[in-house]
Amino acid sequence: MILPIVAYGHPVLRKMCEDITPDYPQLEQLLANMWETMYASNGVGLAAPQINRPIRLFVVDSEQIISSLEEDEKKDYPGDNGIKQAFINAHIVSTGGEEWAYNEGCLSIPKVREDVYRPESVTLRYVDEKFQPQEKTFTGITARVIFHEYDHIDGKLFIDHLKPLKRRMIKGKLDDISKGKINVDYKMIFHK
């Protein structure tokens with residue numbers, strides 16, 4: 001089932017999310033709905049707060065980004081073949097490498113894109129869909145998408161990484177989004 005995306009201004013997007021247990025109600029269905037919702041809205045990642053669930057859960061499909069790159073662009077991301085994966089109860093162990101800029105957007109903040117600086121790599125401790133403990137390091141575009149989705153489960157948004165002047169420049173757009181004055185081709189929830 002395709003779920004509505006929570007729009008900027010809704011308090012759930014600012015909550016520090018909670019870990020869940022294996023008996024979380026209808027987790028398998030929730031994951032299926034998140035994948036369907038993400039693809040229906042042309043996303044490459046989706047975090048549970050974006051569908052109004054304050055839990056530490058997100059899905060990432062960076063394979064679609066990597067596969068769409070030209071061959072000469074792929075050399076910019078050595079060793080990153082992309083992933084299609086769910087992350088449950090994720091916690092950052094470490095980050096590494098130089099910070100680099102990438103033009104990010106967010107389904108909860110439609111039609112706003114800005115360059116955000118993030119580290120080259122991230123090591124995460126999490127559990128998979130079978131609640132098996134995992135610890136892995138991700139780099140390149142995949143790390144970028146993970147950082148973005150991880151921010152959501154910590155109550156942060158990509159615009160929080162912008163300099164104050166840039167934030168002031170997009171304030172009008174953000175205000176419009178929070179008031180529901182935005183046209184997108186997917187269903188959204190606005191805070192009343």
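The residue numbering used here restarts from 1 in each chain and proceeds along that chain's sequence as written. Residue-level local features of this predicted model are given only where pLDDT is at least 70; pairs of side-chain atoms are given and counted only at 80 or more, and the full residue set underlies all totals for whole chains, interfaces and linings. Excluding hydrogens and water, the side-chain values take into account all heavy atoms of the structure.

Student: Describe the pairing of strand S7 (residues 121–127), and please don't skip the residues or the numbers.
Tutor: Taken across its seven residues, S7 has six buried, putting it largely inside the fold. In this sheet, strand S8 (residues 133–139) lies alongside S7 in antiparallel orientation, the contact comprising seven bridges. Bridge pairing links Val122 to Phe138 in S8. Only protein chains enter the accessibility calculation, which uses a 1.4 Å probe; a residue whose area is less than 20% of its type maximum is buried, one above 50% is exposed, and one in between is partly exposed. The helix count covers DSSP runs of H or I at least four residues long, the strand count covers runs of E at least two residues long, and both are numbered beginning at the N terminus. DSSP bridges decide pairing: two strands pair if at least two such bridges lie between them.

Student: Explain helix H5 (residues 164–178) to me, and be specific about the residues and the numbers.
Tutor: Roughly 50° is the biggest bend found in H5, and it falls at Ile170. Backbone geometry just after H5 places Gly180 at a positive phi near 85°. In this scheme, the bend at a residue equals the angle between the axes fitted to the seven residues that finish there and the seven that begin there.

Student: So what's going on with the nonpolar core? Residues and values would help.
Tutor: Buried Ala, Val, Leu, Ile, Met, Phe, Trp, Tyr and Cys residues that are joined via side-chain atoms within 4.5 Å together make up what is termed a nonpolar core. Leu27, Met34, Leu46, Leu57, Val59, Ile109 and Ile159 are the most contacted members of the largest nonpolar core, which has 39 residues in total. Where this core is concerned, the elements lending two or more residues are strand S1 (5–6), helix H1 (27–40), strand S3 (57–61), strand S4 (84–96), strand S6 (109–118) and H5. Top contributing element to this core by residue count: H1, with six residues. Counting 23 residues, the second-largest nonpolar core is a separate cluster that includes Phe58, Phe87, Leu124 and Phe147.

Student: Mind laying out the UniProt feature "active site" (unreviewed entry) in the protein, listing which residues take part and the relevant values?
Tutor: Within this numbering scheme, the UniProt entry marks Glu149 as carrying the feature "active site" (unreviewed entry). Within the secondary structure layout, Glu149 lies in helix H4 (residues 140–153). Contact criterion: two residues are considered in contact whenever any of their non-hydrogen atoms come within 4.5 Å of each other. Not counting chain neighbours up to four residues away, the residues in contact with Glu149 comprise Gly45, Leu46, Ala47, Gln50, Phe58, Val59 and Val60. UniProt positions are given in the numbering used here, feature names are shortened, and annotations may be inferred rather than shown by experiment.

Student: Before we move on, could you go through the environment of Lys166 and cite the residues and values that matter?
Tutor: Assignment of secondary structure puts Lys166 in helix H5. Separated by 52 residues in the primary sequence, Lys166 and Glu114 have C-alpha atoms spaced 8.8 Å apart.

Student: Give me the lowdown on unusual backbone geometry, citing residues and values where you can.
Tutor: We note that Asn52 has phi near 70°; this positive angle belongs to a residue other than glycine. Along the chain, the position of Asn52 falls in the loop between strand S2 (45–47) and S3. The residue Asn89 is not glycine, and still its phi comes out positive at about 55°. With respect to the helices and strands, the residue Asn89 is situated in strand S4.

Student: Provide a residue-level description of the UniProt feature "binding site: Fe cation" (unreviewed entry) in the protein, including the pertinent values.
Tutor: As recorded in UniProt, the sites labelled "binding site: Fe cation" (unreviewed entry) are Cys106, His148 and His152. In three dimensions, the annotated residues from a span of 47 residues occupy one location, with a maximal C-alpha spread of 10.3 Å. With respect to the secondary-structure elements, Cys106 resides in strand S5 (residues 100–106). Judged by its relative accessible area of 9%, Cys106 falls in the buried class. Ignoring any residue separated from it by four or fewer positions in sequence, one finds Cys106 in contact with Gln50, Val112, His148, His152 and Phe158. In this fold, His148 is placed in helix H4. Look at His148 and you get buried, because its relative accessible area is 8%.

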